[in-house]
Every structure is written in C-alpha cells, then in structure tokens.
Amino acid sequence: MNKRWNLWSPSDAENELIDQLSGQLNINRVLGALLVQRGITTYEDARNFFKPQLSELHDPFLMKDMHKAINRLNQALGNKEKILIYGDYDVDGTTSVALVYSFLRNYSSGIEYYIPDRYEEGYGISYKGIDYANENNFSLVIALDCGIKAHEKIKYANERNIDF
C-alpha cells in the first residue's frame, strides 16, 4: 500500500507566530509549530491549553446518557460491587485506565483494571475480557476508549449480569 504524506509548510506569518510563541514559552520550535497548527497562537491560548480552568472544560453531561452512567457508577460504589476498568492497550487507552483507576480506587477496594492482550484479543472489547469479568464477579465494566460499536459483546456481557 502506498501512502502519501502531506507535510505542513508554515507560511511566513505562521513562522513568525511559531518563533514568537516558542520564545515566550521557552519551548522547542517543533512544539511551537505543533501548537500553531492546532490554532494556539498566543501565550494566553497556550496557558489555557496546558493549564485549563474547570470552567473552560466541556460539560460532560452534554454526552448522551451521562447521567445514567453516573447513576450506575454511584449504585455500584454504594453497593460495594466489583468494578472493572477496561481499556485498550494503546497509549490513550492505558492512560485513561490509569487515570480512572487511580481516581476510583479512593472510593472502593473492589476496583480492578483490564487491558486486553494485543495479539490474542486485538482492539476493543473482547469476549475473553468479558469472560474474565464474569469469572471474577465484576458486575460493572467501565469501558474507556473502546466499545462504542461492541453491541454483540455488550449483549453477551449483559446476559452474564455484567453492565457496561
């Protein structure tokens, strides 16, 4: 398979912004270029990007059915159910698992995590992972960075009294 790379060539004005931003932030020009490519062109924009205020973040309840997920999590924590944090083996999957696990372990001793085997299970929710949850009496699985299209696997889990 042939791939064609489209490399970004900054304009003179963008080069000026890159130099200015890199100097103000005392960062490498490459990082400055990445910021400019993402529309971050001022010191203030960069500060907000690297150190956002809670008021600047998106409202998580804009996500469909977020209130249902929060209610189910609260129920599981209140009932001392076992909760499995499930995520892919790639960097955003493992990072999200580490973050959520680190937070939730402060509220429950019944928290564990599961990262699928790259070669045996591949990306996403796997039957092996669901079987692991079932064999270890997890009643709730929090899937991070995966599972959006795993309808059959979620049905398989629900048949085993495991909520996702």
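Structure: see above.
These figures come from a predicted structure and were not determined experimentally.

1. Digging into unusual backbone geometry
Item 1. Not every positive phi belongs to a glycine, and Lys80 is a case in point at roughly 55°.
Item 2. Here Lys80 is to be found in the loop between helix 4 (66-78) and strand 1 (83-87).
Item 3. The phi angle at Asn161 is positive, at roughly 60°, despite the residue not being glycine.
Item 4. Classification of Asn161 as exposed rests on a relative accessible area of 66%.

2. A look at the pairing of strand 2 (residues 111-114)
Item 1. Of the strand pairs in this sheet, strand 1 and strand 2 are connected by four bridges, and their pairing is parallel. Bridging across to strand 2, Ile83 finds its partner in Ile111.

3. Some thoughts on the environment of Ile148
Item 1. Residue position: Ile148 is located in the loop between strand 3 (140-144) and helix 7 (151-158).
Item 2. Given a relative accessible area of 75%, Ile148 falls into the exposed group.
Item 3. It is 8.8 Å that separates the C-alpha atoms of Ile148 and Gly124, two residues lying 24 residues apart in sequence.

4. With respect to the nonpolar core
A general feature of soluble globular proteins is that nonpolar side chains tend to end up buried together.
Item 1. Membership of the largest hydrophobic core comes to 14 residues, with the highest contact counts inside it found for Leu84, Tyr86, Ile125, Ile130, Ala133, Val141 and Ile162.
Item 2. Examining the composition of this core, we find that three residues originate from one element, helix 7, more than from any other.
Item 3. Once residues lying within four places of it in the same chain are set aside, the contact partners of Val141 are Leu84, Tyr86, Ala133, Ile162, Asp163 and Phe164.
Item 4. Leu73, Leu104, Ile111 and Leu144 belong to the second largest nonpolar core, which has eleven residues in total.

Thresholds applied
- Residues numbered from 1 in each chain as written.
- Predicted model: local features only at pLDDT ≥ 70, side-chain atom pairs only at ≥ 80, totals over all residues.
- Heavy atoms only, no water.
- Helix = DSSP H or I, 4+ residues; strand = E, 2+ residues; numbered from the N terminus.
- Buried < 20%, exposed > 50% of the residue type's maximum accessible area, 1.4 Å probe, protein only.
- Pairing = 2+ DSSP bridges.
- Core = buried A, V, L, I, M, F, W, Y, C linked by side-chain atoms within 4.5 Å.
- Contact = heavy atoms within 4.5 Å.

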